[in-house]
Amino acid sequence: MAHIDISILGQQYKISCPEGEELTLQNSVDQFNEKIRNIKSSARTLRNEQVIVLAALNLCHELNVEKTQHQEQTKELDQRIQKINESMNQVLTKDSK
């Protein structure tokens, strides 16, 4: 298990992560901090806790949108594969007669 020091809103944390995932974790921290900076710049009256909650909710929403799009694309690809299989089966059935 690897350890990485991170900072969120000036607060330091020591986080454990699987070996080799340090860069991915740091990129996630950077993305989260960017989200926090954007929210703080547009709503200066919010407390840090509120900013963190809004940033987390925004990221969850973006993740859910991506998941939905991925599911739709997977369904579309499955349908295309099914049509190709059906076409191949028709051709093979005709050829075997």
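The paragraphs below set out a description of the structure included in this document. (Residues numbered from 1 in each chain as written. Predicted model: local features only at pLDDT ≥ 70, side-chain atom pairs only at ≥ 80, totals over all residues. Heavy atoms only, no water.)

### What to know about the pattern of salt bridges
Part 1 of the reasoning: Enumeration over the complete set of coordinates arrives at five salt bridges.
Part 2 of the reasoning: Between Glu34 and Arg37 there is a salt bridge whose closest N-O contact spans 2.9 Å. Highlighted residues: Glu34 and Arg37, both in helix α1 (residues 22-42), separated by three residues, approximately one helical turn.
Part 3 of the reasoning: Glu34 gets classed as partly exposed once you look at its relative accessible area, which sits at 38%. (Salt bridge = Lys/Arg side-chain N within 4 Å of Asp/Glu carboxyl O. Helix = DSSP H or I, 4+ residues; strand = E, 2+ residues; numbered from the N terminus. Buried < 20%, exposed > 50% of the residue type's maximum accessible area, 1.4 Å probe, protein only.)

### Side note on the nonpolar core
Part 1 of the reasoning: Ile4, Ile6, Ile8, Val29, Phe32, Ile36, Ile39, Val51 and Ala55 together form the largest nonpolar core, which totals nine residues.
Part 2 of the reasoning: The greatest single-element share of this core, amounting to four residues, is contributed by α1.
Part 3 of the reasoning: Apart from residues lying up to four places away in sequence, Ile8 is in contact with Tyr13, Val29, Phe32, Asn33 and Ile36. (Core = buried A, V, L, I, M, F, W, Y, C linked by side-chain atoms within 4.5 Å. Contact = heavy atoms within 4.5 Å.)

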